[in-house]
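Geometric and topological summary
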Amino acid sequence: MPSKEDIISTVEAYAAAQTSGDVDAVVALFAPDAVVADPVHEPAHVGREAIHTFFSGTRDMVDSMVLEVTGPIRAVDRYAAVPLRAVSDIGGSRVAVDIVDVFTFEDNGLIGDMKAYWDPAGITPVD
């Protein structure tokens with residue numbers, strides 16, 4: 001089982017890879033059969049290929065994005081709950097959304113499951 005420090009490091013690597021736009025680095029953090037529900041109420045993406053397609057499509061929708069951890073990463077056993085803020089530039093406008101991601105980690109330290117709790121109604125303009 002991954003240590004608390006390993007989990008925190010992986011979550012930080014996830015946010016950094018999302019910010020840099022490195023979809024391959026994001027996907028490498030997930031187990032081959034991982035499940036991503038983003039947002040949680042939409043159909044899940046299962047397996048690295050589907051996860052890669054999802055995150056690539058997300059990146060294609062924005063000109064740039066910063067994903068920032070905005071509070072303590074709560075890592076317990078093989079789980080982590082993480083407050084995040086995504087700020088994106090889209091077609092000359094800047095918007096932000098606050099997110100809580102909940103991760104489940106595999107014994108090998110890879111992410112086995114991620115659920116992103118956010119609502120499109122919560123996307124707000126940023127000056």
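Residues numbered from 1 in each chain as written. Predicted model: local features only at pLDDT ≥ 70, side-chain atom pairs only at ≥ 80, totals over all residues. Heavy atoms only, no water.

Core analysis: the biggest nonpolar cluster contains 32 residues, and Tyr14, Phe30, Phe55, Leu67, Ala80, Phe103 and Met114 have the highest contact counts within it. Every element with two or more residues in this core is listed here: helix H1 (4–20), helix H2 (23–28), strand S1 (30–37), helix H3 (48–60), strand S3 (64–69), strand S5 (79–90), strand S6 (93–105) and strand S7 (111–117). Of the residues forming this core, the biggest block, five residues, is contributed by H1. Residues in contact with Phe103, not counting those within four places in the same chain, are Val11, Tyr14, Arg78, Tyr79, Ala80, Val82, Ile111, Asp113 and Met114. (Core = buried A, V, L, I, M, F, W, Y, C linked by side-chain atoms within 4.5 Å. Buried < 20%, exposed > 50% of the residue type's maximum accessible area, 1.4 Å probe, protein only. Helix = DSSP H or I, 4+ residues; strand = E, 2+ residues; numbered from the N terminus. Contact = heavy atoms within 4.5 Å.)

It is worth spelling out the packing of aromatic side chains at this point. Summed over all chains, the structure comprises six aromatic pairs. Considering the side-chain rings of Phe30 and Phe55, the 6.2 Å spacing of their centres and the 40° angle between planes classify their relative orientation as tilted. Taken as a pair, Phe30 in strand S1 and Phe55 in helix H3 lie far apart in primary sequence, 25 residues in all. The same class applies to Phe30 as to Phe55, namely buried. Each member of the aromatic cluster is reached from another via a ring pair, and the members are Tyr14, Phe30, Phe54, Phe55, Phe103 and Phe105. (Phe/Tyr/Trp six-rings, centres within 6.5 Å; stacked < 30°, edge-to-face > 60°.)

To continue, consider the environment of Glu42. On the secondary structure map, Glu42 appears in the loop between S1 and strand S2 (45–46). Judged by relative accessible area, which is 40%, Glu42 ranks as partly exposed. Between the C-alpha atom of Glu42 and that of Ala116, which follows or precedes it by 74 residues, the distance is 9.9 Å.

As for its placement among the helices and strands, Asp98 is situated in strand S6. Considering only alpha carbons, one finds Asp98 and Thr124, 26 residues apart in sequence, at a separation of 9.4 Å. Within the structure, Asp98 has its side chain in polar contact with the side chain of Arg85 (distance 3.2 Å). (Polar contact = N/O pair within 3.5 Å; in protein donor to acceptor, adjacent residues only side chain to side chain.)

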